[in-house]
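Chain and residue survey
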Amino acid sequence: MRGKLLFLGGLAAGFVLGARAGREKYEDLKATALKIKESPTVQEAAGVVQEQATRLYSEGKTKVTDKLANSRFAESDLGQRLMGSSESTTPAIERDMMATTGPSKTTPSGGTSF
């Protein structure tokens, strides 16, 4: 019984000391990550990546739309709704993408905020 109590006491002391050291390390890592995120170099790189992603999305959307428009799928009711040839001028696929991604947030430096 005494061994178990000694073990539990050591476990509790280790937990308390580890939690204090762990919290300090966590705060250090958090501060470092924030510094890196706010760095102008990282912000510039994020802006470049955002521009490339937007360009690739547009090119891919155009290719898929062209291929679907020239297929039997475009003749179906679902195809016509997705391709935007019904009541709306914005295709349903694009509306859904805008609804899930929302407008992009930019920082004053022109980079994207993550």
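Residues numbered from 1 in each chain as written. Predicted model: local features only at pLDDT ≥ 70, side-chain atom pairs only at ≥ 80, totals over all residues. Heavy atoms only, no water.

Moving on: the overall build of the protein chain. Looking only at helices and strands, the protein chain has four helices and zero strands in total. When its helices and strands are written in sequence order, the protein chain yields α-α-α-α. Taken as a whole, the protein chain presents about 9,500 Å² of accessible surface, with 63% of it coming from carbon and sulfur. (Helix = DSSP H or I, 4+ residues; strand = E, 2+ residues; numbered from the N terminus. Areas by Shrake-Rupley, 256 points an atom, 1.4 Å probe, with all protein chains shown as cover.)

Attention now moves to a nonpolar patch on the surface. A contiguous nonpolar patch, built from F7, L8 and L11 and spanning about 330 Å² of accessible area, is present on the exposed surface. Position of L8 relative to the elements: it lies in helix α1 (residues 2–38). (Patch = residues over 30% accessible without salt bridge, like charges linked within 9 Å, V, L, I, M, F, W, Y side chains within 5 Å. Salt bridge = Lys/Arg side-chain N within 4 Å of Asp/Glu carboxyl O.)

Let us now look at helix α2 (residues 40–69). Look at α2: 43 Å from first C-alpha to last across 30 residues, which is about the 44 Å you get at 1.5 Å a residue. Among all positions in α2, only Q43, A46 and G47 are buried. (Expected span 1.5 Å × (residues − 1). Buried < 20%, exposed > 50% of the residue type's maximum accessible area, 1.4 Å probe, protein only.)

In this model, the protein chain carries a mean pLDDT of 75, and residues with pLDDT of at least 70 account for 71%. The element-level mean pLDDT for the protein chain is lowest in helix α4 (residues 92–101), coming to 60, with α2 highest at 90. For the stretch residues 104–109, pLDDT sits under 50, and the model shows 11 contacts to residues farther than four places along the chain or on other chains. (pLDDT = per-residue confidence, 0-100. Contact = heavy atoms within 4.5 Å.)

Attention shifts here to the pattern of salt bridges. Within this structure, the stated rule accounts for one salt bridge. Among the salt bridges present, the one from R55 reaches E59, with a minimum N-O distance of 3.2 Å. Of this pair, R55 and E59 both sit in helix α2, four residues apart, which is roughly one turn of the helix.

The next thing to look at is the environment of A74. Its location among the elements puts A74 in the loop between α2 and α3 (77–83). Classification of A74 as buried rests on a relative accessible area of 16%. Apart from residues lying up to four places away in sequence, A74 is in contact with L68, A69, G79 and Q80.

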